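Listed below, chain by chain, are the residues.
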Amino acid sequence: MLEHLELFFKSIFIDNMVFAVFLGMCSYLAVSKKVATAVGLGAAVIFVLAVTVPLNWLLDQYLLQDGALVWLGPEYADYNLSFLSFILFIATIATMVQLVEIVVEKFSPSLYNSLGIFLPLIAVNCAILGGSLFMQAREIPTLGLAFNYGVSSGIGWFLAILAIAAIREKIRYSNVPAPLRGLGITFIITGLMGIGFQSFGGMLTGDNEAPEPVENTTAKTIEEKEIKKEIEDEEKAVSYNEVINK
Amino acid sequence: MALLSKKDANLILDPLADNNPITIQVLGICSALAITAELKASLVMAISVIFVLGVGNVVISLMRNVIPSKIRIIVQLIVVATLVIIVDQVLKAFAYELSKTLSVFVGLIITNCIIMGRFEAFALGNGPWKSFLDGIGNALGYGVILIIVGFFRELFGSGTLFGIPVLGDPIAKTGLYATGYENNGFMIIPPAALIVVGIIIWVQRSRNKALIEEA
């Protein structure tokens, strides 16, 4: 139970898809102009991650890993198909997205109307493939945890796009320098939000974490000073930006 | 250029600046930013994308008349995935350490929006030679930004370039460090990449007013 809770919070805040590893940035930047559409896409991402990560976990365990084919018989124990993971993962994702689209359209037309246009976009959202690849790289041990990982990283992504969409709706009324308008300011705000999210790094200090390397101490203190100055709400992010301009 | 007509040359040159995939088209940011803390990783990533996009564009362009439009996304994904597997295996064989640094981000080239974007927007409607030039051009435009970001992050963050100290020794206080200069650890953490790209966009759009977005 505790490991579930830990993974849940870790994937939402510490290893946030957007702020820590920059996954799904393309749709994050493209679909964050309005809160309503951002919520739709965010919900779709949670949903698809929750389906594809456990599915790819099964594929990884029983097909791809070194020696995973041993359940077919001892003569298959030497096979290592892990080089096929990319192609199988992306095929699973593309198929699942199609399938989900068809199922949702059939059984819940209202949900389809709100999610529908985003579903095809999601097949090529890096957050989805990234979720599966990180699941593989971090060697998540059980199916339950894989499902948990899918849902919680989806929630993390949802939170990120919701926050940036709200900020972008507000920022329309601010006097942003012309060359930074639109894309530029979004990048900088995302960077500032990322620094804010770094402060969650101290939230879980498990025993299994390696001690910080010594040469990072200066980096750490600078980072902590930044975080103290860091401001999580949007008005201050804007004023910070004005300071940069001066 | 005798080899390329003016139109063909534009296919390569446009994405380098005024139609840059990262700063103007907003594509391919996903896998780009996380690996730019070191110049070497940025360079390898850029080369991988140049290979995948150049070859992929040609393959898709050759197949453009036989791909049914309904399943084109899956076909495109399979083509990219195959090329990325080649890149991944080559990296694992010849640059194992680096492939560990890049970790999942090699795989994420598959969902790099530049690649799908160029397939959709260009390769499906143009011949192989033009598609090849377009692919190389866009991948170069992507690579240029990656290398600029990697250069500044590694220089200011660690005081090295390609892992070689260029500003002196921070512990023995030689070179620039003798004057009291310190490495900026802020440049190493992931959010700094976003801010550096933001500043690149700022500089670029200040120089070319035509690119400024309407508020």
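About the criteria used
- Residues numbered from 1 in each chain as written.
- Chains lettered and ligands numbered in written order.
- Predicted model: local features only at pLDDT ≥ 70, side-chain atom pairs only at ≥ 80, totals over all residues.
- Heavy atoms only, no water.
- UniProt positions renumbered as here; feature names shortened; annotations may be inferred.
- Contact = heavy atoms within 4.5 Å.
- Buried area = accessible area lost by both parts, 1.4 Å probe.
- Salt bridge = Lys/Arg side-chain N within 4 Å of Asp/Glu carboxyl O.
- Polar contact = N/O pair within 3.5 Å; in protein donor to acceptor, adjacent residues only side chain to side chain.
- Buried < 20%, exposed > 50% of the residue type's maximum accessible area, 1.4 Å probe, protein only.
- Helix = DSSP H or I, 4+ residues; strand = E, 2+ residues; numbered from the N terminus.

Within an unreviewed UniProt entry, the label attached to chain B reads Na(+)-translocating NADH-quinone reductase subunit D, and the organism entered is Flagellimonas eckloniae. Here chain B is described in UniProt, under the heading Function (unreviewed entry), as follows: "NQR complex catalyzes the reduction of ubiquinone-1 to ubiquinol by two successive reactions, coupled with the transport of Na(+) ions from the cytoplasm to the periplasm. NqrA to NqrE are probably involved in the second step, the conversion of ubisemiquinone to ubiquinol." Quoted straight from UniProt, the Subunit (unreviewed entry) entry for chain B says "Composed of six subunits; NqrA, NqrB, NqrC, NqrD, NqrE and NqrF."

A. View of the interface of chain B and chain A. Contacts between the two partners involve 45 residues from chain B and, on the opposite side, 45 residues from chain A. Across the interface of chain B and chain A, roughly 4000 Å² is buried in total on both sides, 83% from carbon and sulfur atoms. Where chain B packs against chain A, one counts 0 salt bridges. Between chain B and chain A we count 0 residue pairs in polar contact (both at pLDDT 80 or more) in total.

B. Broad picture of the pattern of salt bridges. Scanning all chains against the criterion turns up 4 salt bridges over all chains. In this structure, Lys 10 of chain A and Asp 15 of chain A form a salt bridge, with 3.4 Å as the shortest nitrogen-oxygen distance. For Lys 10 of chain A, a relative accessible area of 30% gives the class partly exposed. The exposure class of Asp 15 of chain A is partly exposed, given its relative accessible area of 23%. Residues Asp 88 of chain B and Lys 92 of chain B are paired through a salt bridge, measuring 3.3 Å at the closest nitrogen-oxygen approach. Of this pair, Asp 88 of chain B and Lys 92 of chain B both sit in helix α3 (residues 72-94), 4 residues apart, roughly one helical turn. Its relative accessible area of 39% is what places Lys 92 of chain B among the partly exposed residues. Through salt bridges with shared partners, a single network forms among Lys 10, Asp 15 and Arg 138 of chain A.

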